Structures are given as structure tokens and as C-alpha cells.
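Examination of the molecular architecture
Given next are the chains, with one letter for each unit.
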Amino acid sequence: MDNAELWAGLPTLEEPPGEDDATPDVWEDPIPLTGRRDRPPFPAHVFPTWLGEFVAAVAEETQTPVDLAGSIALAVLATAAGGRSVVHVRGNWREPTNLYTVVALPPANRKSAVFALLTNPLYEAEKQLKAAMKPVIVEAEVTARLAKEAADRAAAKAASADTEKREQMVATAVGLAQTADTLTVPAEPVLLADDSTPETVTSLMAEQGGRLSVMSAEGGIFDIIAGRYSGAPNMEVFLKGHAGDRLRVNRQTRREYIDAPALSIGLAVQPDVLRDIGKVKGFDGRGLLARFLYSLPPSTVGERKILTDPIPEQTSATYTERVVDLTLSLAGWTDPALIQLSPEADTALITYQKRIEPMLKARGGKLGHISNWAGKLAGATARMAALLHLAEHGGNGYAHPVTEHTMAAAIELGEYYTAHALAVFDVMGADPVLSRARSVLEALRDNRWEDVSRRDVFTALSRSEVPTVADLEPALALLEDHGYLRSYQPERTGKRGRPPAPRLAAHPSLRDSGR
């Protein structure tokens, strides 16, 4: 089949009118391609009272969306519990309690102020952990130094000893050296890191027993992961740090082993950052983007009150006390505290999983185009349920099972993050049909076409984005559904030959540079 036959044989997007019909001149306003995404407000009511009240008070005083404080609060809980607790879902399925959250807001939305208010108790807990560990570190340093000196003296004596005594003295020196080698100095406790390199994050996690949190009111960490300094993406620690998979680093300069890494990330970035990371090669394919819980709230700039209610002192004090207590109570656990689900909570999660599963279908599934992300939704929900449970019960949460009520709260959070993920992945261009439709709109505007053939539209697009004519058709159908295009069949100019190929009429607004 030649090209003319291919284009003439394309199906029309609607039944073609008869020869006496004409394309109507009246157009209604088109429906924006992103106008149908619902982004619900953050459900702060699902938090325990002490946490929900503080989140609401921070949002009021700073005049910021409650989504910002709410998502950071989840990251704070994950920092306190991550690496020190796991939730047993069923069978061999266990989830660590670390999370990756990111909120996208334009500049001037006071992201840094909210971050400071939410994370201050973590720095206080870190300070107390360092103070408690200081005597232990000093004692270990002295013991290790004395053991090394004793081994060195024994080795020197063995080297100069007579032949008769040398064998025994060498054995003594070897024993002392082996003892000195087993003595380690514990690292100073660190809970939080900023925009650190993957190598720094790996080293810190190894020092901290596999536990660390990266919290930042900027999005520089994405640039670092993408290879700002190394020239190549380095995602390994961020992939395995979320899943808890064993991490081994064997290089000439360092060897680091982390059996159960637990990395938490809490970020507040500008929306453009999300658009940019969606274009970074490897981020989506290797699953990094699928690990984040996304929030894309509307900005309050221009609608903020000037005089606001300050955070009540008792609300702030209670928040600080509860976060510090949770962090300190779990800090000493070497084997993670095991959080169990009640049968009712497990039943609620199973019902949620059954509802999600059909949505993951590649064809026709609501979440099919973000199945990498949505496939992790049940696990993320279980993690959030465990964190809400620990927020309610504190460090002895392992003594009580997660209730059905807590699981329902986590599922509500899962629904919130699903709605926002759909909007965020729209921004990233994760839906190829939507992304191609936007490219068609750009081509129509750039060329100011009133009437155009499919061939010309296809030619104007990049082959990397739209490889074949078949890939173009769903995008054209979407644009027609939204009122940007109309397909029609031109009249035959002669009685012989093939009928002319279907053509497209473009909405007048696409030629109006003022709109």
C-alpha cells in the first residue's frame, strides 16, 4: 500500500456528512485538556487530634494550603519511625514505614516557613540523641585507641623478640590486633540530611544503621540524582532506600553494606521541577517517580489574610513533645518494631486493593498510564496506616494492632494522593495520548491552520513522540472530544479515483494569538 492509499484509508473520527453537508461555522468553547482533574484538599481530619490540630494551625498562621503541612507531617512521622518499624500486612508481605512525599507550589508560598515549623522537633530529637550518645562515643574512642596502641606495642616487641619467644609474642600481638579491629566507634546520630549527593546519602545511611531522611524546601535533590555533579543519573540508593532492598557498594575508595535501608524524603518544590523531572531519562523507567506521593494544591497567593491566628502554644508544645517522644522511643530499636493489622483493617485493605486492581489495566484503566505508581499504592497505604497508628499510640504501637478506623483513614489519604498523582503525571506527560494531544495543539497554533489534513499534522510532529499514524489517531479523537477539532469528509472533485482523505477543521481560537 502506498502513502496515498494509507492516508485515504484512515478512519474518520465521526460519521462523514453527505456531499450537501458543510462543516458548521458555530463553535463552542473547547474544554481544556487538564480541566477534568479533580484535586481534593488534604484530609487533615484523618490525623490523630494532636497532629491534625497542629497541621491546621500551621496552615492558618502561614496562610498556606493545608496540603503543604499535611504532606510534610507524614514525612516527619516517616523520619521518626522509618528504619525502626515495619508493618506486617499478611503472609510474607511486610512494608517499611519510610515514605517519599513531594508538594509542588509556586514561589512565595512560604514553603520554608512551614518546613521549619514541622521539622523543628526532629532537630530537637536529633540533638537529644547526640547528647545521649556523646559519652558512649568518647568511651569507645578511648577504648579503641588504647587497644590499637596495645596491639602496636605488642607487634613492636614481637618484631624484636628472640627466636624462642617470638612465636608466642607474635600470637599475642595478632590477638590484640584482632581485638582492636573489632572495636568500632559509633557514629554521631543524624536523622536529617539536606540536598545531599547519592554517595553522601549512602555513607550517612551506612553510618546510621540504614536510617536517614532527606528533607528540603527545594527540589535540588532531583538535579543531584539526575547527575548534576557526576554527569550520570545515580538512583540506586533512592530506589533501594524506599523498598528496603539490600544495598551493597563496592568501590576502590569505599565499601558499604546496608541490609535494610530505610530512606525517607520530604520535599516542597516548584511545579516546574515536576515538569522537568518527568523528562529525565531513567527516572520513570526505573521506578523513581513511582515511589513518591505527590501533592499539587492550588496556591493561596493573592487570597491570603494579612492578620492570622497564631499557632496556640499548647498545640505547638504537644506537637513537639509527641514527635520527639516517638523518635526517641524507636531510636534504640535494632530489630524494627513490628506493627500488625487487625483482621478488620486487613479486610478493608483487601477491599481497597480489589477496587484498585481493575484500574491498572493498560487499556481502559483509569490508572493504566500510571500503573508503575498505582501498583505501589496499596503498599503506600499500609505504610501510612502504620504511621497514623504510631502517631496515635506512640512508640509502643507494636503492642496494639492497626484498627479498621486507622486503615480507613490511610485509604482516604491514598485516594487523595491518587487524585493528585493523576494531575502531576499529566504535568509530566505520563499519559502519551494527552501529551501527543498537547503537541498537536501546539502545531495547530504555530501553523494557524483553519483546515488541515492528517498527513500535515503528522508531518509537523516529532517521530520520537508520534512514531506512526496509528499513534496520532487517539490524540486527534481526544481533541475532537474536547471541541478543538472536527473531522469531515471533503466532497469528491471527480467521479473517478479514490475518495479524498478525511480532513480536520480547527477551532478558531487556535488561530487567535490573543487567546
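Please refer to the structure placed before this passage.
Since we're looking at a predicted model, the values are computed, not measured.

**Quick notes on unusual backbone geometry**
For Arg110, which is not glycine, the phi dihedral falls at a positive 60°. By the element assignment, Arg110 lies in the loop between strand 3 (100-104) and helix 4 (111-160). A relative accessible area of 37% places Arg110 in the partly exposed class. Residues other than glycine seldom take positive phi values, yet Arg448 does so here, at roughly 50°. Summarising the element assignment, Arg448 is placed in the loop between helix 15 (432-447) and strand 11 (451-453). What makes Arg448 partly exposed here is its relative accessible area of 47%.

**Observations concerning the sheet that holds strand 11**
The strand order across the open sheet built from three strands is 11-13-12, with neighbouring strands paired in antiparallel fashion. With one partner strand each, in any of the chains shown, strand 11 and strand 12 (485-488) form the two edges of the open sheet. Each strand axis lies, on average, 30° off the axis of its neighbour in the sheet, ignoring direction. With three bridges joining them, strand 11 and strand 13 (residues 503-506) adopt antiparallel strand pairing. Looking across to strand 13, one finds that Ser453 is bridged to Arg503. Of the strands in this sheet, strand 12 and strand 13 are in contact with helix 17 (residues 469-481), which crosses strand 12 at around 115°.

**What to know about a nonpolar patch on the surface**
Together, Val138, Val142 and Leu146 make up an exposed nonpolar region whose accessible area comes to about 210 Å². With respect to the secondary-structure elements, Val138 resides in helix 4. When its relative accessible area of 37% is taken as the criterion, Val138 is described as partly exposed.

**Focus on the pairing of strand 1 (residues 85-90)**
Residues in a regular strand point their side chains to alternate faces of the sheet. Of all six residues making up strand 1, five are buried, and the element is well covered by its neighbours. Both strand 1 and strand 10 (residues 337-340) contribute to a ladder of four bridges, which runs parallel. If you follow Ser85 over to strand 10, its bridge partner there is Ala337. In terms of strand pairing, strand 1 meets strand 2 (residues 93-96) through four bridges, oriented antiparallel. Across the sheet, residue Val87 finds its bridge partner in strand 2, namely Glu95. Connecting strand 1 to the antiparallel partner strand 2 that follows it, the hairpin turn spans two residues, and Gly91 within it adopts a positive phi of roughly 55°.

**Let's talk about the pattern of salt bridges**
If you walk through the whole model with that rule in mind, you get 15 salt bridges. For the salt bridge of Asp471 with Arg436, the shortest nitrogen-to-oxygen distance reads 3.9 Å. With Asp471 in helix 17 and Arg436 in helix 15, the pair connects residues that are 35 residues apart, well separated along the chain. With relative accessibility at 16%, the residue Arg436 sits in the buried group. Members of the salt-bridge network, linked through shared partners, are Glu126, Lys130 and Glu188.

**A few points about the environment of Thr327**
By the secondary structure assignment, Thr327 is in helix 10 (residues 313-331). With a relative accessible area of 0%, Thr327 lands in the buried category. Between the alpha carbons of Thr327 and Ala80 there is a distance of 4.4 Å; along the sequence they are 247 residues apart. When near neighbours in sequence (up to four residues on either side) are disregarded, Thr327 contacts Ala80, Leu122, Ala125, Leu191 and Arg211.

Reading guide: rules and limits
- Residues numbered from 1 in each chain as written.
- Predicted model: local features only at pLDDT ≥ 70, side-chain atom pairs only at ≥ 80, totals over all residues.
- Heavy atoms only, no water.
- Helix = DSSP H or I, 4+ residues; strand = E, 2+ residues; numbered from the N terminus.
- Buried < 20%, exposed > 50% of the residue type's maximum accessible area, 1.4 Å probe, protein only.
- Pairing = 2+ DSSP bridges.
- Axes fitted to C-alpha atoms, helices over the stretch in contact; angles between N-to-C directions.
- Contact = heavy atoms within 4.5 Å.
- Patch = residues over 30% accessible without salt bridge, like charges linked within 9 Å, V, L, I, M, F, W, Y side chains within 5 Å.
- Areas by Shrake-Rupley, 256 points an atom, 1.4 Å probe, with all protein chains shown as cover.
- Salt bridge = Lys/Arg side-chain N within 4 Å of Asp/Glu carboxyl O.

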